[in-house]
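# Overview (structure and organization)
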Amino acid sequence: MIRIAVFCSGSGTNLQALLDACAAGTIDGTVALVVSDRKDAYALARAEAAGVETLYIDPRGFAGKEAYEEKVIAALDGHRIDLICLAGYMRVLSPFFIRRYKHKILNIHPALLPAFKGGHAIADALAFGAKVTGVTVHFATEELDNGPIILQEAVIIKEGDTPETLLERVHAVEHRLYPQAVQLIARGRLKVEGRKVHIASSE
Ligand code: GAR
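A brief structural summary. In every chain, residue numbers begin from 1 and rise along the written sequence. Two thresholds apply to this predicted model, a pLDDT of at least 70 for residue-level local features and 80 or more for giving and counting side-chain atom pairs, whereas whole-chain, interface and lining totals are computed over all residues. For the side-chain quantities, the full set of heavy atoms in the structure was used; hydrogens and water were omitted.

A separate point is the pattern of salt bridges. We count a salt bridge whenever a side-chain nitrogen from Lys or Arg sits within 4 Å of a carboxyl oxygen from Asp or Glu. Considering all chains together, one arrives at 9 salt bridges under this definition. For the salt bridge of Asp77 with Arg100, the shortest nitrogen-to-oxygen distance reads 3.8 Å. Here Asp77, found in helix 3 (residues 65-78), pairs with Arg100, found in helix 4 (residues 95-100); they are 23 residues apart in sequence, far enough to count as distant. Using a relative accessible area of 43% as the deciding quantity, one classes Arg100 as partly exposed. Numbering of helices and strands starts at the N terminus; helices are DSSP runs of H or I of at least 4 residues and strands are runs of E of at least 2. We call a residue buried when its accessible area falls under 20% of the maximum for its residue type, exposed when it is over 50%, and partly exposed in between, using a 1.4 Å probe and counting protein chains only.

As structure tokens, then:
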């Protein structure tokens, strides 16, 4: 059973999918901590409803990013966390933090990376006139939205899509893909070689 920390800044629908998968036993693990940089993140209410410990830290109260992250690291150590899942966490982690948890931080991104990196992937895909976008689950590395890819799935952009309608279909894929990726880790089925992530077949 792996112990998971989920980092969120917003609504936390992906957190909910991970909580549900742990409860259903489709992830061999447990969400032991939810970290947020925003006091009003609905993700914190979801965590509390599930009886999961939460940590809200206001980044503005710290001299620098590393001082803030030291506090986060202390909490991760305290909860014996094996895996960090970024789920709509809108802060860029420092190289110091990323290096400390090499191949132990996952991120979910609402596009087919390397297309539409950054914080507005859905709006960017629509504005670009793309016909296909999707979802990527990848390891976080020092370069933003650039780490080795674990799972990807396409979402077709339809005529007349708005950010809301597209987000709804992207979310449906995210909520299936993220628990799947976490379970691959929980079962020790991933091997990273440079940029490539090999998935061992299940026995
Ligand atoms: C998700 O769609 C996730 O892919 C996106 O934020 C959303 C969070 O939703 N992440 C990024 O855009 C990262 N660049 P949620 O709070 O409902 O899980």
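Below, the discussion takes up the site of the ligand. Taken together, Ser11, Gly12, Thr13, Asn14, Gly88, Met90, Ile108, His109, Pro110, Gly118, His171 and Glu174 make up the full set of residues adjacent to the ligand. What qualifies as a polar contact is a pair of N or O atoms within 3.5 Å, subject to a donor-acceptor requirement within protein and to the restriction that residues adjacent in sequence count only when both atoms come from side chains. At 2.5 Å, a side-chain N or O of Thr13 approaches an oxygen atom of the ligand. His171 has a polar side-chain atom sitting 3.5 Å from an oxygen atom of the ligand. A total of 450 Å² of accessible area belongs to the ligand in isolation, and the protein chains cover 89% of it. Here a residue is near a molecule or strand as soon as one of its heavy atoms is found within 4 Å of it. Only the protein chains shown count as cover for residues, and all accessible areas are computed by the Shrake-Rupley method using a 1.4 Å probe.

A word on empty space enclosed by the protein. Cavities and pockets were defined on a 1 Å grid built from protein atoms only: a cavity is a group of points that admits a 1.4 Å probe but offers it no way out, a pocket is an open group of points flanked by protein on both sides within 12 Å along at least five of seven lines, and a lining residue is one with an atom within 4 Å of any such point. Grid points are joined across faces, edges and corners, and a volume is the space filled by probe spheres set on the points. Scanning the model with the defined rule gives 1 cavity of 30 Å³ or more in all. Computed from the structure, the largest cavity encloses a volume of approximately 30 Å³. Three categories are distinguished: nonpolar for Ala, Val, Leu, Ile, Met, Phe, Trp, Tyr, Cys and Pro, charged for Asp, Glu, Lys and Arg, and polar for the others, with Gly belonging to the last. Grouping the amino acids of the lining of the largest cavity by side-chain chemistry returns 4 nonpolar, no polar and 3 charged.

What follows is about the sheet that holds strand 6 (residues 132-139). Across the sheet, which stays open at both edges, the 7 strands sit in the order 3-2-1-4-5-6-7 with mixed pairing between neighbours. Every other strand in the sheet has two partners, leaving strand 3 (53-56) and strand 7 (149-156) as the edge strands with one partner each. Between one strand axis and the next, the sheet turns by 20° as a mean value, whatever way the strands run. Inspection of the sheet shows strand 6 paired to strand 7 by 7 bridges, in the antiparallel sense. Residue pairing in the sheet places Thr136 in a bridge with Gln152 of strand 7. In this description, contact between two residues means that some pair of their heavy atoms is separated by no more than 4.5 Å. Only the stretch in contact is used when fitting a helix axis, every axis being a line fitted to C-alpha atoms; angles between N-to-C directions are given from 0 to 180 degrees. Docked against the sheet, helix 1 (residues 13-24) engages strand 1 (2-8), strand 2 (29-36), strand 4 (83-86) and strand 5 (105-109), running at close to 160° with respect to strand 2. The sheet strands contacting helix 6 (residues 163-186) are strand 1, strand 4, strand 5, strand 6 and strand 7, and the helix crosses strand 7 at an angle near 160°. Strands pair, by our definition, only if DSSP identifies at least two bridges between them.

Here we come to the packing of helix 1 against helix 6. At a closest axis distance of 9 Å, the pairing of helix 1 and helix 6 adopts a crossing angle of 45°. Considering the angle they form, helix 1 stands oblique to helix 6. Relative to helix 6, helix 1 is oriented so that their crossing is right-handed. Residues Thr13, Asn14, Ala17, Leu18 and Ala21 of helix 1 touch helix 6, and the partners they reach there are His171, Glu174, His175, Tyr178, Pro179 and Val182. Should an angle fall under 35 degrees it is taken as roughly parallel, and over 145 as roughly antiparallel, whereas 65 to 115 is taken as roughly perpendicular and any remaining angle as oblique. Handedness of each helix crossing follows the sense of rotation of the near helix against the far helix: counterclockwise by less than a right angle gives left-handed, clockwise gives right-handed.

This paragraph deals with helix 6. Here helix 6 spans 33 Å end to end across 24 residues, near enough to the 34 Å set by a 1.5 Å rise per residue. Of all the positions in helix 6, only Leu166, Val170, Val173, Glu174, Leu177, Tyr178, Pro179, Ala181, Val182, Gln183 and Leu184 are classed as buried. After helix 6 finishes, the residue Gly188 shows a positive phi value of roughly 65°. Residue count minus one, scaled by 1.5 Å, sets the expected span of a helix.

Let's shift gears to unusual backbone geometry. Residue Leu113 is joined to Pro114 through a cis peptide bond whose omega torsion reads 15°. Structurally, Pro114 is set in the loop between strand 5 and helix 5 (121-128). In the Ramachandran plot, His103 falls in the positive-phi region, its phi being about 60° despite a non-glycine side chain. With respect to the secondary-structure elements, His103 resides in the loop between helix 4 and strand 5.

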